[in-house]
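# Architecture and fold: a report
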Amino acid sequence: MNYYGQYEDLLVERLQMDGVDVSILPHIDHLNVARPTTRPQLFVLLNGGNFDEPANLSVISQLETLSGEIFIRALKRRGELGVFDLYEKISHRLLGYWLPNAQSAITFNSFGYVAGVQNNWQYALTFSFGHYKVECPDEEPAGTIKKITVT
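In this text the structure is predicted, and so the values were computed from the model without any measurement.

### Concerning the overall build of the chain
Helices and strands together make up the secondary structure of the chain, namely two helices and six strands. Beginning at the N terminus, the succession of helices and strands in the chain can be written as α-β-β-β-β-α-β-β. When contacts within the chain are restricted to residue pairs at least 6 apart in sequence, long-range pairs at least 24 apart make up 57% of them. As displayed, the chain offers around 9,600 Å² of accessible surface, 52% of which is attributable to carbon and sulfur atoms.

### What about unusual backbone geometry?
Located in the positive-phi region is leucine 81, a residue other than glycine, with phi close to 60 degrees. Inspection of the secondary structure puts leucine 81 in the loop between β4 (60–74) and α2 (83–94).

### Here we look at the packing of aromatic side chains
What the rule picks out here adds up to eight aromatic pairs. With centroids separated by 5.1 Å and ring planes inclined at 90 degrees, the aromatic side chains of tyrosine 7 and phenylalanine 129 adopt a geometry described as edge-to-face. Taken as a pair, tyrosine 7 in helix α1 (residues 3–14) and phenylalanine 129 in strand β6 (residues 120–134) lie far apart in primary sequence, 122 residues in all. By the burial criterion, tyrosine 7 is buried, and phenylalanine 129 matches it. Between phenylalanine 84 and tyrosine 123 the ring centres are 5.8 Å apart and the planes differ by 80 degrees, which places this aromatic pair in the edge-to-face class. Of the two residues, phenylalanine 84 is situated in helix α2 and tyrosine 123 in strand β6; the sequence distance between them amounts to 39 residues. Judged by its relative accessible area of 8%, tyrosine 123 falls in the buried class. Seen from the ring of tyrosine 97, arginine 14 lies directly overhead, with NZ or CZ sitting 3.9 Å from the centre. The residue whose ring lies beneath arginine 77 is tryptophan 121, and the NZ or CZ to ring-centre distance is 5.3 Å.

### A look at the side chain of glutamate 8
Assignment of secondary structure puts glutamate 8 in helix α1. For the buried residue glutamate 8, which engages in no salt bridge, the nearest side chain bearing the opposite charge is lysine 133, 15 Å off. If we ignore the near neighbours within four places in the chain, the residues touching glutamate 8 are Ile24, Val44, Leu45 and Leu46.

### A closer look at the nonpolar core
One finds Tyr7, Leu15, Leu42, Ile70, Leu86, Ile90 and Phe129 to be the most contacted residues of the largest nonpolar core, which totals 27 residues. Not counting residues within four places of it along the chain, the set of residues in contact with leucine 42 comprises Leu15, Met17, Val20, Asp21, Val22, Ser23, Ile70, Phe71, Ile72, Leu86 and Ile90.

### A word on the pattern of salt bridges
The full count for this structure, using the stated rule, is three salt bridges. For the salt bridge of lysine 89 with aspartate 85, the shortest nitrogen-to-oxygen distance reads 3.1 Å. With a gap of four residues between them, lysine 89 and aspartate 85 both fall in helix α2, about one helical turn apart. Given the relative accessible area of 19%, aspartate 85 is considered buried.

### Notes on α1
In a regular helix each residue adds 1.5 Å, so 12 residues correspond to 16 Å; α1 covers 16 Å between its end C-alpha atoms and thus fits that length. Taken residue by residue, α1 has Tyr3, Gly5, Tyr7, Glu8, Leu11 and Val12 as its buried positions. Considering only its buried residues, α1 is in contact with β1 (21–24), β2 (41–51), β4, α2 and β6. A side-chain oxygen of the first residue of α1 lies 3.1 Å from the backbone nitrogen of tyrosine 4; this N-cap is asparagine 2.

Rules behind the numbers
Residues numbered from 1 in each chain as written. Predicted model: local features only at pLDDT ≥ 70, side-chain atom pairs only at ≥ 80, totals over all residues. Heavy atoms only, no water. Helix = DSSP H or I, 4+ residues; strand = E, 2+ residues; numbered from the N terminus. Contact = heavy atoms within 4.5 Å. Areas by Shrake-Rupley, 256 points an atom, 1.4 Å probe, with all protein chains shown as cover. Phe/Tyr/Trp six-rings, centres within 6.5 Å; stacked < 30°, edge-to-face > 60°. Buried < 20%, exposed > 50% of the residue type's maximum accessible area, 1.4 Å probe, protein only. Lys NZ or Arg CZ within 6 Å of the ring centre and 35° of its normal. Lys, Arg positive; Asp, Glu negative; His and termini not counted. Salt bridge = Lys/Arg side-chain N within 4 Å of Asp/Glu carboxyl O. Core = buried A, V, L, I, M, F, W, Y, C linked by side-chain atoms within 4.5 Å. Expected span 1.5 Å × (residues − 1). Polar contact = N/O pair within 3.5 Å; in protein donor to acceptor, adjacent residues only side chain to side chain.

Nothing here speaks to function; it is geometry throughout.
And the structure:
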């Protein structure tokens, strides 16, 4: 599995809490599907990354700033397990958290309203963190024997 999938799995694991369904976002249409339960839902999605200028110190490396979102779906905005309560709980778990092999801790970019139909409130918390992408040099090709001299 690539590091994007690993990071999504680690974030889902870190966000587990009683009374809340937490998973990766399998498809964007999943946000519009009727919820099978009244339990709040959190969906984790890594969107991609932006690269800094490459550094060349015998191998090429680039700092990639990964960005992601956590979609919060709940029946209410206020109160226990409402959108704002879940936002605070997510903040305590993620702000400043260092994922394995990350170059920087998780920081937040924005939090805001996405949609709200029939008390199915949806908000998104966007975040980012750094990760180095490092060149994997090709193996040295094995030389071919061209001549054998016996003495």
